[in-house]
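Residues per chain, in single letters:
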Amino acid sequence: MIKHIVMWKLRDFSEEEKLQHCEKAKRDLEGLSGIIPELKAIEVGININKTPAAYDLVLYSEFENEEELNIYQSHPEHVKVGKFIKEIVQSRVVTDYNV
C-alpha cells in the first residue's frame with residue numbers, strides 16, 4: 001500500500017479568503033472519492049496551528065500501489081482540482097511511502 005501525503009502553504013490572502021480557498025480545495029479533493037476508483041482513502045485537513053512553520057492544508061490518501069497513484073495523479077478530475085490548487089499555493093511538500 002502507498003500512502004501519499006501533500007501539504008500546501010497558500011499565498012498571502014486574508015484569513016477569510018484563505019479559509020474559503022482551503023474549504024473549496026478540501027471539498028474538491030474529497031469529492032474525488034468515488035470518481036477515481038484507484039483512490040482507496042482520502043482525508044483533507046485545514047490547519048488550525050497559527051505558527052509560521054505550519055502549512056495551511058494537508059492531504060492524506062492511500063493507493064494499492066504506485067501504478068494506481070500514477071493513475072490518480074493523471075486522472076482528468078484530479079488534474080482539474082490541481083489546477084485550482086496551483087493558483088492559490090505558494091509552496092508544496094509531498095511524500096509517498098510504502099506500508
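In this report, the structure presented in the accompanying data block is examined. (Residues numbered from 1 in each chain as written. Predicted model: local features only at pLDDT ≥ 70, side-chain atom pairs only at ≥ 80, totals over all residues. Heavy atoms only, no water.)

Structural notes on the nonpolar core
In step 1: Core analysis: the biggest nonpolar cluster contains 22 residues, and Trp8, Leu29, Leu32, Tyr72 and Ile85 have the highest contact counts within it.
In step 2: Listed by contribution, the elements that provide at least two residues to this core are strand 1 (2-10), helix 1 (15-30), strand 3 (57-63), helix 2 (66-74) and helix 3 (76-88).
In step 3: Ignoring any residue separated from it by four or fewer positions in sequence, one finds Tyr72 in contact with His4, Leu29, Leu32, Ile36, Leu39, Leu59, Phe63 and His78. (Core = buried A, V, L, I, M, F, W, Y, C linked by side-chain atoms within 4.5 Å. Buried < 20%, exposed > 50% of the residue type's maximum accessible area, 1.4 Å probe, protein only. Helix = DSSP H or I, 4+ residues; strand = E, 2+ residues; numbered from the N terminus. Contact = heavy atoms within 4.5 Å.)

Quick look at the packing of aromatic side chains
Each aromatic ring pair is described using two quantities: the centre-to-centre distance and the angle formed by the ring planes.
In step 1: Evaluation of the coordinates by the stated rule reveals one aromatic pair.
In step 2: Seen in terms of ring centroids, Phe63 and Tyr72 are 4.9 Å apart; in terms of plane orientation they differ by 45°. Their pairing is tilted. For the pair shown, Phe63 and Tyr72 are each scored as buried.
In step 3: In this structure, Lys9 is placed above the aromatic ring of Tyr55, and the distance from its NZ or CZ to the ring centre is 5.0 Å. (Phe/Tyr/Trp six-rings, centres within 6.5 Å; stacked < 30°, edge-to-face > 60°. Lys NZ or Arg CZ within 6 Å of the ring centre and 35° of its normal.)

Overview of the packing of helix 2 against helix 3
In step 1: Where helix 2 contacts helix 3, the two axes come as close as 5 Å, and the packing angle between them is 60°. Classified by the angle their axes make, helix 2 and helix 3 are oblique. Each of Tyr72, Gln73 and Ser74 in helix 2 lies in contact with helix 3, whose residues at this interface are Pro76, His78 and Val79.
In step 2: Classifying every residue of the contact of helix 2 with helix 3 by side-chain character gives three nonpolar, three polar and no charged. (Axes fitted to C-alpha atoms, helices over the stretch in contact; angles between N-to-C directions. Parallel < 35°, antiparallel > 145°, perpendicular 65-115°, else oblique. Nonpolar A, V, L, I, M, F, W, Y, C, P; charged D, E, K, R; others polar.)

Looking at a nonpolar patch on the surface
In step 1: A grouping of Met1, Tyr97 and Val99 is seen on the molecular surface, where their side chains present a nonpolar patch of about 270 Å² in accessible area.
In step 2: Looking at where Tyr97 falls in the secondary structure, it is placed in strand 4 (residues 89-98). (Patch = residues over 30% accessible without salt bridge, like charges linked within 9 Å, V, L, I, M, F, W, Y side chains within 5 Å. Areas by Shrake-Rupley, 256 points an atom, 1.4 Å probe, with all protein chains shown as cover. Salt bridge = Lys/Arg side-chain N within 4 Å of Asp/Glu carboxyl O.)

Side note on the pattern of salt bridges
In step 1: Within this structure, the stated rule accounts for six salt bridges.
In step 2: Between Lys18 and Asp56 there is a salt bridge, with its nearest N and O atoms 3.7 Å apart. Residue Lys18 is found in helix 1, and its partner Asp56 is found in the loop between strand 2 (41-46) and strand 3; the two are separated by 38 residues along the sequence. Comparing Lys18 with Asp56, the two get one shared label, buried.
In step 3: Residue Lys80 pairs with Glu77 through a salt bridge whose shortest N-O separation is 3.3 Å. Here Lys80 pairs with Glu77, and both are found in helix 3, just three residues apart, close to one helical turn.
In step 4: In this structure Glu77 comes out as partly exposed when scored by relative accessible area, which is 29%.

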